[in-house]
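# Coordinates in review
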Amino acid sequence: MAKLVIENLAALRAFEGKDLPSGEWVTVTQEMIDDFAKATGDHQWIHTDVEKAQKLSPFKTTIAHGFLSVSLLSKTLGDLLEVQSAKMGVNYGLNKVRFPSPVPSGSRVRLQSRIATIESYGENGVKITWDCSLELENSPKPACVAQFISLMFE
């Protein structure tokens, strides 16, 4: 899927209330999970101990941290869409975050999203509320569902 390139924030407003194309598949590797554990200090064995997870986990493998799934929203949205006139974008917050399905190490996820709302923000910005679902390959349930809110400035 080619990146959706939009000229400016005014043109972005035409996408309000509309579904965006599916994102590219991203493989969640054990290395990513281990790096996330190092960065956050969350070394719970269900994430980092492959042998113990194979023996004791109902999933028979390690699984990604839920917050690793959430953190992929920013990256996958950035891979999906570019506003050429934007000078800066920042994360503003999250609403209604849920983790309906675990993400086993080695599995693939991709973003399904729509722009729920776009509101003016300050003199040269917008606040965007994105309805996001991180689809888990071969699973009837998504890995993560959230409203992701970002600010973008020209």
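All values derive from a computational prediction rather than experimental measurement.

### Some details on the overall build of the protein
Scanning the protein from N- to C-terminus turns up five helices and seven strands. Of the regular secondary structure in the protein, the N- to C-terminal order runs β-α-β-α-α-α-α-β-β-β-β-β. In terms of principal-axis extent, the alpha carbons of the protein reach across some 55 × 30 × 25 Å. Buried residues in the protein amount to 38% of all 154 residues. Within the protein, contacts between residues at least 6 apart in sequence are counted, and of these 69% link residues at least 24 apart. Of the accessible surface of the protein, which amounts to about 8,300 Å², a share of 51% is contributed by carbon and sulfur atoms. Measuring between centres, the 16 positive side-chain charges of the protein sit 5 Å from its 18 negative side-chain charges.

### Some details on unusual backbone geometry
Positioned with a positive phi, K60 is a non-glycine residue whose angle comes to about 60 degrees. By the secondary structure assignment, K60 is in the loop between α4 (50-56) and α5 (66-80). Positioned with a positive phi, N138 is a non-glycine residue whose angle comes to about 65 degrees. Along the chain, N138 falls in the loop between β6 (125-136) and β7 (144-153). The exposure class assigned to N138 is exposed, which follows from its relative accessible area of 79%.

### Here we look at the sheet that holds β7
If you trace the five strands from one edge of the open sheet to the other, you get β2-β5-β6-β7-β4, paired in antiparallel fashion. If you trace the sheet from one side to the other, it starts and ends with β2 (26-27) and β4 (88-98), each paired once. The pairing of β4 with β7 spans eight bridges and is antiparallel. Its bridge partner lying in β7, V90 is registered against L151. The sheet strands contacting α5 are β2, β4, β5 (108-121), β6 and β7, and the helix crosses β5 at an angle near 75 degrees.

Cut-off values and rules
Residues numbered from 1 in each chain as written. Predicted model: local features only at pLDDT ≥ 70, side-chain atom pairs only at ≥ 80, totals over all residues. Heavy atoms only, no water. Helix = DSSP H or I, 4+ residues; strand = E, 2+ residues; numbered from the N terminus. Buried < 20%, exposed > 50% of the residue type's maximum accessible area, 1.4 Å probe, protein only. Contact = heavy atoms within 4.5 Å. Areas by Shrake-Rupley, 256 points an atom, 1.4 Å probe, with all protein chains shown as cover. Lys, Arg positive; Asp, Glu negative; His and termini not counted. Charge placed at Lys NZ, Arg CZ, Asp CG, Glu CD. Pairing = 2+ DSSP bridges. Axes fitted to C-alpha atoms, helices over the stretch in contact; angles between N-to-C directions.

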